[in-house]
Amino acid sequence: MSNKSKKSKSIIICPYCGEKYSEERGVCPNCHKTPYGDSNGYTPMSDEKIKKIRLTIGVVLVAVFIAVYLLFFR
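Residues numbered from 1 in each chain as written. Predicted model: local features only at pLDDT ≥ 70, side-chain atom pairs only at ≥ 80, totals over all residues. Heavy atoms only, no water.

Undergrad: I'm lost on the state of the cysteines in this one. Help?
TA: Each disulfide consists of one covalent bond between the sulfur atoms belonging to two cysteines. Within the structure shown, the criterion is met by zero disulfides. The thiol sulfur of Cys28 is not disulfide-bonded, and the nearest other cysteine sulfur, from Cys17, lies at 3.5 Å. For the unlinked cysteine Cys31, the closest cysteine sulfur is that of Cys14, found at 3.6 Å. (Disulfide = S-S within 2.5 Å.)

Okay, here's the thing in structure tokens:
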């Protein structure tokens, strides 16, 4: 018979939301944070930044449309 050492699975209580989860999981299943902070440094973009990106993409698309029109249909 082989002697297998059994690893004890400790339970962590998330310091941010209070959810209990296994230490093996590493990330809280409720708030997706590690006991040390946000997982992988991910932070969602603000609504203001999303609006700026959409405006920039819109301006670029209009400029490309005008350039294509002037080059091929004039």
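Undergrad: Explanation requested: the packing of aromatic side chains in the structure shown.
TA: For any pair of aromatic rings, the description consists of the separation of the ring centres together with the inter-plane angle of the planes. Applying the stated rule across the entire model yields one aromatic pair. Positioned over the ring face of Tyr16 is Lys33, at 4.7 Å from the centre of the ring. (Phe/Tyr/Trp six-rings, centres within 6.5 Å; stacked < 30°, edge-to-face > 60°. Lys NZ or Arg CZ within 6 Å of the ring centre and 35° of its normal.)

Undergrad: What exactly am I supposed to notice about unusual backbone geometry here?
TA: Across residues other than glycine, the phi torsion is negative in most instances, and most of the peptide bonds are trans. Although it is not a glycine, His32 adopts a positive phi angle of roughly 60 degrees. Secondary-structure assignment places His32 in the loop between β2 (20-22) and β3 (33-34). A relative accessible area of 46% places His32 in the partly exposed class. (Helix = DSSP H or I, 4+ residues; strand = E, 2+ residues; numbered from the N terminus. Buried < 20%, exposed > 50% of the residue type's maximum accessible area, 1.4 Å probe, protein only.)

Undergrad: Sorry if this is basic, but what is going on with a nonpolar patch on the surface here?
TA: A surface patch of nonpolar side chains, about 1,200 Å² in accessible area, is lined by Val60, Val62, Val64, Phe65, Ile66, Val68, Tyr69, Leu70, Leu71, Phe72 and Phe73. Examined against the element boundaries, Tyr69 turns out to sit in helix α1 (residues 47-72). Taking relative accessible area as the criterion, Tyr69 reaches 46% and is therefore assigned partly exposed. (Patch = residues over 30% accessible without salt bridge, like charges linked within 9 Å, V, L, I, M, F, W, Y side chains within 5 Å. Areas by Shrake-Rupley, 256 points an atom, 1.4 Å probe, with all protein chains shown as cover. Salt bridge = Lys/Arg side-chain N within 4 Å of Asp/Glu carboxyl O.)

Undergrad: Any chance you could explain the confidence of the model for the protein chain here in plain terms?
TA: Should pLDDT be low for a region, the predicted coordinates there are not to be read in detail. Residues with a pLDDT of 70 or more make up 78% of the protein chain, whose mean pLDDT is 81. Per-residue pLDDT, averaged within each element of the protein chain, yields its smallest value for strand β4 (residues 37-38) (60) and its largest for α1 (96). Note that residues 1-5 has pLDDT below 50 and, in this model, zero contacts with residues that lie over four places away or in other chains. (pLDDT = per-residue confidence, 0-100. Contact = heavy atoms within 4.5 Å.)

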